[in-house]
Amino acid sequence: VQLQASGGGLVQAGGSLRLSCAASKRTFSTYGMGWFRQAPGKEREFVAAISRGGGSTYYADSVKGRFTISRDNAKNTVYLQMNSLKPEDTAVYYCAARYSRLFGSLSSSSDEYNYWGQGTQVTVSS
């Protein structure tokens with residue numbers, strides 16, 4: 001699976017951005033998807049995950065209530081809507097895919113994801 005992330009940019013604190021991640025594979029609906037981020041000098045961290053069918057989602061505490069993950073299996077695309085952005089959200093954001101037999105399966109562990117996009121930079125100014 002090849003993943004192409006887009007939608008990053010520079011935004012002021014309190015603003016919004018929507019990230020997109022397009023997948024190449026027609027069996028996209030068999031993959032659970034996740035978003036991770038990595039700030040300079042920090043380890044990669046989990047942001048959000050969505051099950052293969054889209055019915056289950058899971059968020060890191062730091063983004064809960066501000067970010068929304070969704071997917072459109074007809075378009076082979078997963079989204080991350082980011083609202084009320086803060087300077088500490090500044091990072092390179094990566095989308096990732098993991099094959100999932102179970103419809104409701106979710107994972108926040110980067111080790112369980114098999115495929116990764118190239119990353120898109122999000123910068124939030126104060």
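You'll find the structure just up there.
Quick summary incoming for the structure in this document. Note that the structure is a prediction, hence the values are computed from the model and not measured.

Examining the sheet that holds strand β7 (residues 67-72)
Phase 1 of the analysis: Strand order across the open sheet formed by four strands is β1-β3-β8-β7, with antiparallel pairing between neighbours. At either margin of the open sheet sits one strand with a lone partner, and together these are β1 (3-6) and β7. When strand polarity is set aside, the average angle formed by the axes of neighbouring strands in this sheet is 15 degrees.
Phase 2 of the analysis: Where β1 meets strand β3 (residues 17-23), four bridges bridge the pair, whose relative direction is antiparallel. Paired with L3 across the two strands is A23, which belongs to β3.

Brief notes about the nonpolar core
Phase 1 of the analysis: Within the largest apolar cluster, 35 residues are counted, with the highest numbers of intra-cluster contacts made by M33, W35, L80, M82 and Y93.
Phase 2 of the analysis: Broken down by secondary-structure element, the contributors of at least two residues to this core are β1, β3, β4 (31-38), β5 (45-50), β7, β8 (77-82), β9 (91-99) and β11 (120-125).
Phase 3 of the analysis: Once residues within four sequence positions are removed from consideration, M33 is found in contact with L3, C21, F28, A48, A49, I50, I69, R71, V78, A96, A97 and Y113.

Some details on the environment of Y31
Phase 1 of the analysis: Structurally, the position occupied by Y31 is in strand β4.
Phase 2 of the analysis: The class for Y31 is buried, based on a relative accessible area of 8%.
Phase 3 of the analysis: Separated by 50 residues in sequence, Y31 and Q81 have C-alpha atoms that sit 20 Å apart.
Phase 4 of the analysis: If we skip the residues at most four places from it in the chain, Y31 touches V1, K25, R52, R71, A97, R98, Y99, S100 and Y115.

Reading the values: rules and limits
- Residues numbered from 1 in each chain as written.
- Predicted model: local features only at pLDDT ≥ 70, side-chain atom pairs only at ≥ 80, totals over all residues.
- Heavy atoms only, no water.
- Pairing = 2+ DSSP bridges.
- Helix = DSSP H or I, 4+ residues; strand = E, 2+ residues; numbered from the N terminus.
- Axes fitted to C-alpha atoms, helices over the stretch in contact; angles between N-to-C directions.
- Core = buried A, V, L, I, M, F, W, Y, C linked by side-chain atoms within 4.5 Å.
- Buried < 20%, exposed > 50% of the residue type's maximum accessible area, 1.4 Å probe, protein only.
- Contact = heavy atoms within 4.5 Å.

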